[in-house]
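# Examination of the molecular architecture
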Amino acid sequence: MVFENAQKQLEKAKKHIELAQETEETLKNPKEAFIFSIPVRMDDGSLKVFMGHRVRFNDARGPTKGGIRYHPRVNIDEVKALAFWMAIKCAVINIPYGGGKGGITVDPRQLSKTELERLSRGWMRAACRIVGPDRDIPAPDVYTNAQVMAWMMDEYSVLAGKYSPAVITGKPLSLGGSLGRSYATAQGGYYCTREAAKKNEYGKTVAIQGFGNAGSHMARLLSADGYKVIAVSDSKGGAYLEEGFDFDKLMEVKGREKRVDAFPGVKKLDHKEILELDCDILVLAALENQVTEENAERIKAKMIVELANGPTTPEADDILHKKGVFIIPDILANAGGVCVSYFEWVQNKYGFYWKEDEVNARLEEKMVKEFETTFSIHREKEIDMRTAAYVLALGRIDEATKDKALY
Ligand code: GLU
């Protein structure tokens with residue numbers, strides 16, 4: 001149960017911060033949770049119904065914000081947890097949003113492009129009652145991309161009767177997207193890794209679980225900074241190469257063969273083996289619940305960077321903390337994505353677009369600042385980085401909740 005894990009993290013953090021009763025109460029359940037059918041006419045003429053979801057968890061600090069995931073295992077419990085984490089994440093990075101999340105229970109790789117378009121437009125047609133540029137702003141997540149955002153933005157604009165780019169972020173540049181958004185999650189994670197390495201010497205060998213948008217850009221950024229990426233994995237399997245991967249060659253193989261383990265000369269690994277490799281830094285860029293009480297003891301990395309949401313269970317957290325593994329938690333490490341989403345939304349509202357280096361400079365400033373604040377809470381209160389990030393976020397949510405004085 002992913003939502004249960006999220007609530008356990010919250011309970012742990014609550015021991016280190018005093019919250020108003022109304023804050024505690026409003027963080028127990030989502031503000032709104034919406035499940036709906038999306039009928040889609042398939043290319044063969046048949047009709048198929050998919051289940052769509054959207055949760056707005058908490059909007060104390062602003063409109064709810066968070067991605068839409070297409071995955072066969074999407075369910076309301078997971079979407080609730082992901083929406084909750086978005087509320088915490090937006091508060092950690094201090095952008096004026098609450099948290100939301102959405103999804104469709106589907107394997108998008110089984111659909112044609114036209115079916116995918118009808119499905120995406122169908123999601124927005126149903127969800128337009130709950131999303132909106134000042135209410136709830138979606139974005140990409142697992143197996144959704146700029147093209148999906150473009151269809152959804154267009155559908156919303158048709159329904160609203162006006163061009164509405166600020167309803168969704170992660171769009172193509174031609175439709176109001178922001179420079180730097182496509183790799184922002186990894187860019188933010190890279191800044192955190194760099195800052196962590198200034199505090200302590202961790203070594204330079206890296207294993208990356210997950211080679212989607214976040215994982216592949218992280219491989220690029222770390223390789224360019226002199227780190228040695230010795231292992232990578234995707235949904236088909238993992239690959240180990242002692243001398244380290246040449247990033248361009250790896251991208252070429254992945255593009256051609258659709259799997260990283262087709263890289264010549266590698267030792268093949270399975271999804272779980274990559275986690276237990278002897279390396280300095282482990283980047284988790286796949287899905288939830290990867291490091292659990294079952295395998296945590298066998299983790300050899302000295303630092304974990306969580307680009308995925310919820311990859312480490314609370315039980316594993318305790319084990320890793322005792323082992324002295326430094327974790328840069330998801331709610332900080334992957335906040336670069338939503339941070340540049342916020343920049344995109346600002347640019348849409350303003351109708352004026354920034355240069356790429358301006359976007360990255362603003363992102364860097366935010367990531368470094370909130371990494372530092374989290375790190376000092378971690379040191380002062382002698383708590384792990386995740387709990388420290390929660391303490392930081394909860395303080396901000398609490399302040400807004402109290403200032404608003406709900407009813
Ligand atoms: N799906 C991403 C996340 O989990 C990005 C969300 C956004 O940009 O709104 O943080």
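Structure shown above.
Right, let's walk through the structure included here. Starting from 1, residues in each chain are numbered consecutively following that chain's sequence as written. With the structure being a predicted model, the display of local features is reserved for residues of pLDDT at least 70 and the display and counting of side-chain atom pairs for 80 or more, all residues being used for whole-chain, interface and lining totals. Hydrogen atoms and water are omitted, and side-chain values are computed over all heavy atoms in the structure.

## What about the pattern of salt bridges?
In what follows, salt bridge is the name for a side-chain nitrogen of Lys or Arg lying within 4 Å of a carboxyl oxygen of Asp or Glu. A complete count under the given rule lists 40 salt bridges for this structure. Glutamate 252 is paired through a salt bridge with arginine 256; the nearest N and O atoms lie 3.4 Å apart. Placement of the pair is glutamate 252 and arginine 256 together in helix 8 (residues 247–257), with a separation of 4 residues, close to one helical turn. Burial classes: relative accessible area under 20% of the type maximum marks a residue as buried, over 50% as exposed, and values in between as partly exposed (1.4 Å probe, protein chains only). A relative accessible area of 51% means that arginine 256 is categorised as exposed. Each helix corresponds to a stretch of at least 4 residues labelled H or I by DSSP, and each strand to a stretch of at least 2 residues labelled E; elements are numbered beginning at the N terminus.

## Some words on the packing of aromatic side chains
Each aromatic pair joins two rings of Phe, Tyr and Trp (for Trp, the six-membered one) with centres within 6.5 Å, and gets the label stacked for planes under 30 degrees apart, edge-to-face for over 60, and tilted for any other angle. Tallied over the entire structure, the rule returns 16 aromatic pairs. The interplanar angle of 45 degrees and the centroid separation of 5.9 Å between the aromatic rings of phenylalanine 3 and phenylalanine 57 together place this pair among those described as tilted. Residue phenylalanine 3 is located in helix 1 (residues 2–14), and its partner phenylalanine 57 is located in strand 2 (residues 47–58); the two are separated by 54 residues in the primary sequence. Ring geometry for tyrosine 342 against tryptophan 345: centres 6.3 Å apart, planes inclined by 35 degrees, an arrangement best described as tilted. You can see tyrosine 342 and its partner tryptophan 345 sitting in helix 11 (residues 335–350), 3 residues apart, about one turn around the helix.

## Describing the site of the ligand
Lining the immediate surroundings of the ligand are 14 residues, of which Lys65, Lys89, Pro140, Asp141 and Ser341 lie closest. At 2.6 Å from an oxygen atom of the ligand is found a side-chain nitrogen or oxygen belonging to lysine 89. Counted as a polar contact is a pair of N or O atoms within 3.5 Å, where, for protein atoms, one must be capable of donating a hydrogen and the other of accepting one, and residues adjacent in sequence contribute only when both atoms are in side chains. At a separation of 2.8 Å, a nitrogen atom of the ligand approaches a polar side-chain atom of aspartate 141. Note on areas: these come from Shrake-Rupley sampling with a 1.4 Å probe, and a residue is covered only by the protein chains present in the view. When isolated, the ligand has an accessible area of 290 Å², and the protein chains bury 94% of it. When residues of the shell around the ligand are traced back to their parent elements, those giving at least two are helix 3 (76–92) and helix 11. Tallying contributions element by element places helix 11 first for the shell around the ligand, with 3 residues. We call a residue near a molecule or strand as soon as one heavy atom of that residue lies within 4 Å of the molecule or strand.

## Here's the deal with the sheet that holds strand 11 (residues 281–284)
The pairing of strands in a sheet comes from backbone hydrogen bonds and takes either a parallel or an antiparallel form. The sheet built from 7 strands is open, its strands ordered 10-9-8-7-11-12-13 with mixed pairing. At either margin of the open sheet sits one strand with a lone partner, and together these are strand 10 (267–269) and strand 13 (326–328). When the angles between neighbouring strand axes are averaged without regard to direction, this sheet yields 20 degrees. A strand pair is defined by DSSP finding two or more bridges across the two strands. In terms of strand pairing, strand 8 (residues 228–234) meets strand 9 (residues 237–240) through 4 bridges, oriented antiparallel. Across the sheet, aspartate 234 pairs through a bridge with glycine 237, a residue of strand 9. Strands in contact with helix 7 (residues 213–224) are strand 7 (205–209), strand 8, strand 11 and strand 12 (303–306); relative to strand 7, the strand with the most contacts, it is inclined by about 170 degrees. Between N-to-C directions, angles span 0 to 180 degrees; the directions come from axes that are lines fitted to C-alpha atoms, helices contributing only their stretch in contact. Every residue pair with non-hydrogen atoms within 4.5 Å of one another is taken to be in contact.

## Points about a nonpolar patch on the surface
A cluster of nonpolar side chains, contributed by Ile35, Leu47, Val49 and Met51, occupies part of the molecular surface with about 350 Å² of accessible area. A per-element tally of the nonpolar patch places strand 2 first, with 3 residues. For leucine 47, the location among the structural elements is in strand 2. To count toward a patch, a residue needs a relative accessible area above 30% and no salt bridge. Like charges then connect within 9 Å, nonpolar side chains (Val, Leu, Ile, Met, Phe, Trp, Tyr) within 5 Å.

## Some thoughts on the packing of helix 3 against helix 13 (residues 385–404)
Running from N to C, helix 3 and helix 13 cross one another at 85 degrees; their axes reach a closest spacing of 8 Å. It follows that helix 3 is roughly perpendicular to helix 13 by the angle criterion. Note on element contacts: helix 13 touches helix 3 through Ala389, Tyr390, Leu392, Ala393, Leu394, Arg396 and Ile397, opposite Phe84, Trp85, Ala87, Ile88, Ala91 and Val92. When describing relative orientation, an angle under 35 degrees is termed roughly parallel and one over 145 degrees roughly antiparallel, while 65 to 115 degrees is termed roughly perpendicular and anything else oblique.

## Quick word on the environment of glutamate 344
On the secondary structure map, glutamate 344 appears in helix 11. In this structure glutamate 344 comes out as buried when scored by relative accessible area, which is 0%. Sequence spacing of glutamate 344 and lysine 171 is 173 residues, and the spatial spacing of their C-alpha atoms is 8.8 Å. Contact partners of glutamate 344, with chain neighbours within four places excluded, come to Ile168, Thr169, Gly170, Lys171, Gly176, Gly177, Ser178 and Arg181.

## Focus: the state of the cysteines
To count as a disulfide, a pair of cysteine sulfur atoms needs to be within 2.5 Å. Tallying each qualifying case throughout the model produces 0 disulfides. Cysteine 279 takes part in no disulfide bond, and the closest cysteine sulfur to it belongs to cysteine 192, at a distance of 18 Å. By relative accessible area, which is 2% here, cysteine 279 ends up buried.

## Examining helix 4 (residues 113–127)
Between its first and last C-alpha atoms helix 4 spans 21 Å; for 15 residues at 1.5 Å apiece the expected length is 21 Å, and the two agree. Every buried residue of helix 4 is accounted for by Glu115, Leu116, Leu119, Ser120, Arg121, Gly122, Trp123, Met124, Ala126 and Ala127. Turning to helix 4, the residues buried within the fold contact strand 1 (32–41), strand 2, strand 4 (68–71), strand 5 (98–105) and helix 5 (146–160). To estimate the expected span of a helix, count its residues, drop one, and scale the result by 1.5 Å.

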